[in-house]
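Chain residues, written in single-letter form:
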Amino acid sequence: MRADATAAPDGADPADHGHRDRSVPAIEARELRKSFGDLEVLRGLDFEVAAGEVVCVVGPSGSGKSTLLRCINRLEEPTGGRVLIEGEDITDPDADVDLLRSRIGMVFQSFNLFPHLSVLRNLTIAQRRVRGRSKSEADEVARRNLERVGLADKVDAYPAHLSGGQQQRAAIARALSMDPDMMLFDEPTSALDPELVGEVLAVMKDLANEGMTMMVVTHEMGFANDVADRVVFMDEGMVVEQGPPSQVLGSPQHERTRRFLKLVH
Amino acid sequence: MPMTRRQRQRTQRGVLYGIFLAVVGTLIWLANWEPLSDQFLDLDIARQMFPEVVTIAARNTVVYTALAFGFGLLLGLLLALMKLSPVAPYRWVATIYIEIFRGLPALLTILLFAFGIPLAFGWRPPGGPAGAGVVGLIVVAGAYIAETLRAGIQAVPKGQVEAARSLGMSPGRTMISIVLPQAFRIVIPPLTNELVLLLKDTSLLAVAGATVATRELLGYSRQDLFTFSSPTPLMVAGLLYVAITIPMTQLVALLERRQRRSL
């Protein structure tokens, strides 16, 4: 079971993971609600990701899966309910949201690299400003992570000069450079040309095999099938069904899941 | 024989050049050059204005512009951040300020500050009336620059803020390290505009009254206008304004091209 994997990511500072407790879920959402005006996107949803688990969230567009992901690090303010990050309530008004966020890596559909900074500076700015690392330490961590995603030669390039796939891999390396305890992926390959999807998925697969806790909102059913420990199917702001990929994707129990899978295949 | 596409294009271009030359030629031919050059370009008078018109007047104009732009930029940044603040009273203050000082003629604001501040606070800004006038210019420039910067800040994609916040950066750090550098790139062209307008608005400082040593370009040449009873000094001032603005805008354009290379 991946949940029992103890291997920390290669070369990561063990001290950064000292507070990780495997018995507490990495992510726990309770009765989570989110409305935009009259539109109720999440309707009292319960959701959990165990430490070391890879969870893929699938579902039709508008089902609330991206909103769920964005509520977890409070990029979106939940209307109700709670979100616990390794047992700490990030929805608590007194919570140190910035500190909690720095432990949650996030990868966006549109990459969101900082266009005015070189790739290296994209990877070091938060390490230095948030983690307080020295320049040499931050540079070293950044270079190691760029190598990990196969972009060692793009250190000095600017984002505009990278392909979409390279930009997304750089964005993953940027998130990894904070030594996060978990990673959130918001449709990471949806904005990519088809021939560039593979290189990003390969990096994500490596990451999963290294034991990273991952929550992935995706339309890539092949990836979900190969890599996920658990697949969650969402519709209309609720979890419709969840379980191992073979079950949810192979023999779905619910009519809505079956209808959705028929449409995407 | 029908013309090819290429030939037709060449003919059209030729006609456009022809019209241009005809208009320019007609104007040159129609104008009465002798009195014009006598009055406006009396080289003897022009010669007498140098070097003071450069060492005092043009220099003052540049100094006032730099002061007004520099402090106006700081004030504008403060106002732009206030206008985007989540705290409502800050937004109100910024909005009221901007609406008032964009609405008032700059001339009036300069008069207000040149004579109002010393009366109200018994304090004279350094540089006498000209200094007080510059304060007025700063106040006006701040209002315009604030709106330009606000638009620039809002033009930075929301995903940039989200990426920075997701890395654990605070709102302030995100603004300083991620949003403002990108916003400033976006607003370089409109800011250049502000700078050029401001340079010419220094000519309004004449109403604040000034001594010989603190006079800016237009005020200075207006004085010469009376001394020599000739409009030539105004022409000299005009040429000097252009001589300042063109290198300035070209320099900004160069900086812009250089930055674009990384984007």
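Cut-offs used in this document
Residues numbered from 1 in each chain as written. Chains lettered and ligands numbered in written order. Predicted model: local features only at pLDDT ≥ 70, side-chain atom pairs only at ≥ 80, totals over all residues. Heavy atoms only, no water. Helix = DSSP H or I, 4+ residues; strand = E, 2+ residues; numbered from the N terminus. Rg over C-alpha atoms; globule rule 2.2 N^0.38 Å. Buried < 20%, exposed > 50% of the residue type's maximum accessible area, 1.4 Å probe, protein only. Contact = heavy atoms within 4.5 Å. Areas by Shrake-Rupley, 256 points an atom, 1.4 Å probe, with all protein chains shown as cover. Salt bridge = Lys/Arg side-chain N within 4 Å of Asp/Glu carboxyl O. Core = buried A, V, L, I, M, F, W, Y, C linked by side-chain atoms within 4.5 Å. Expected span 1.5 Å × (residues − 1). Polar contact = N/O pair within 3.5 Å; in protein donor to acceptor, adjacent residues only side chain to side chain. Patch = residues over 30% accessible without salt bridge, like charges linked within 9 Å, V, L, I, M, F, W, Y side chains within 5 Å. Axes fitted to C-alpha atoms, helices over the stretch in contact; angles between N-to-C directions. Parallel < 35°, antiparallel > 145°, perpendicular 65-115°, else oblique. Left-handed = near helix turned anticlockwise from the far one by under 90°. Nonpolar A, V, L, I, M, F, W, Y, C, P; charged D, E, K, R; others polar. Buried area = accessible area lost by both parts, 1.4 Å probe. Pairing = 2+ DSSP bridges.

Caption draft 1: Structural detail: the overall build of chain A. Within chain A, the regular secondary structure consists of 9 helices and 10 strands. By the compact-globule yardstick of 18 Å for 265 residues, chain A fits well, its C-alpha radius of gyration being 18 Å. Here chain A, with 265 residues, has 58% of them falling under the buried criterion. Long-range pairs, those at least 24 residues apart, make up 66% of the contacts in chain A with a sequence separation of at least 6. Here chain A displays about 11,000 Å² of accessible surface, and carbon together with sulfur accounts for 46% of that area.

Caption draft 2: Layout of the pattern of salt bridges. Residues and elements named next belong to chain B. Counted according to the given criterion, the structure contains 26 salt bridges over all chains. With its nearest N and O atoms 3.6 Å apart, the salt bridge here joins Lys 158 to Glu 162. Here Lys 158 pairs with Glu 162, and both are found in helix H8 (residues 158-166), just 4 residues apart, close to one helical turn. For Lys 158, a relative accessible area of 62% gives the class exposed.

Caption draft 3: Structural detail: the nonpolar core. Residues and elements named next belong to chain A. Counting 48 residues, the largest nonpolar core has Ile 172, Met 183, Phe 185, Met 204, Leu 207 and Met 214 as the members making the most contacts within it. Element by element, the count of residues in this core is highest for helix H6 (residues 194-209), at 8 residues. Apart from residues lying up to four places away in sequence, Met 214 is in contact with Val 49, Glu 53, Val 54, Val 55, Met 183, Phe 185, Met 204, Leu 207 and Ala 208. If you look at the next biggest cluster of nonpolar residues, it comprises 40 residues, including Ala 26, Leu 42, Val 55 and Leu 75.

Caption draft 4: Helix H11 (residues 232-260) of chain B, seen in detail. All names here are of chain B. Helix length check: H11 (29 residues) gives 42 Å between terminal C-alpha atoms against 42 Å at 1.5 Å per residue, within 8%. Every buried residue belonging to H11 is among Thr 232, Pro 233, Val 236, Ala 237, Leu 240, Tyr 241, Ile 244, Thr 245, Met 248, Val 252 and Glu 256, and all of these are buried. Buried residues belonging to H11 abut helix H2 (33-40), helix H3 (43-49), helix H4 (52-83), helix H9 (171-201) and helix H10 (217-228).

Caption draft 5: Here's a closer look at the side chain of B:Glu147. All names here are of chain B. Tracing the backbone through its elements, the reader meets Glu 147 in helix H7 (residues 128-155). Side-chain polar atoms of Glu 147 contact the side chain of Arg 150, separated by 3.1 Å. Among residues more than four places away in sequence, those in contact with Glu 147 are Lys 83, Ile 98 and Arg 102.

Caption draft 6: Local environment of a nonpolar patch on the surface. Residues and elements named next belong to chain B. Among the surface-exposed residues, Phe 20, Leu 21, Val 24, Ile 28, Trp 33, Leu 36, Phe 40, Leu 41 and Met 235 lie close enough to one another that they form a single nonpolar patch of about 860 Å² accessible area. Taken together, the elements giving at least two residues each to the nonpolar patch come down to helix H1 (5-30) and H2. Here the nonpolar patch takes 4 residues from H1, the largest share from any one element. Assignment of secondary structure puts Val 24 in helix H1. Classification of Val 24 as partly exposed rests on a relative accessible area of 33%.

Caption draft 7: The arrangement of the packing of H4(B) against H11(B) in detail. Residues and elements named next belong to chain B. Close contact between H4 and H11 brings their axes to 11 Å; oriented N to C, the two are set at 55°. As far as their axial angle goes, H11 and H4 are oblique. Along this stretch, H4 crosses H11, giving a crossing that reads as right-handed. Contacts from Val 53, Val 54, Thr 61 and Val 62 of H4 reach H11 at Val 236, Leu 240, Tyr 241 and Ile 244. Its residues placed into classes, the contact of H4 with H11 shows 7 nonpolar, 1 polar and no charged.

Caption draft 8: Seen up close, the interface of chain B and chain A. Listed per partner, the contact involves 22 residues of chain B and 25 residues of chain A. For the pairing of chain B and chain A, the buried interface totals around 1,900 Å² over both sides, and the portion due to carbon and sulfur atoms is 61%. Among the salt bridges present, the one from B:Glu162 reaches A:Arg70, with a minimum N-O distance of 2.6 Å. If you look at where chain B meets chain A, you find 6 residue pairs in polar contact (both at pLDDT 80 or more). Those elements that place two or more of their residues in the side of chain B that touches chain A are H8 and H9 of chain B. Within the side of chain B that touches chain A, the residues separate by chemical class into 8 nonpolar, 8 polar and 6 charged.

Caption draft 9: Just the sheet that holds strand S2 (residues 39-49) of chain A, in detail. Residues and elements named next belong to chain A. Pairing is antiparallel in the open sheet, where 4 strands are placed in the order S2-S1-S4-S5. Strands at the two margins of the open sheet, each flanked by one partner only, are S2 and strand S5 (88-89). Here helix H1 (residues 65-72) sits on the sheet in contact with strand S1 (27-36), S2 and strand S4 (80-85), set at roughly 65° to S2.

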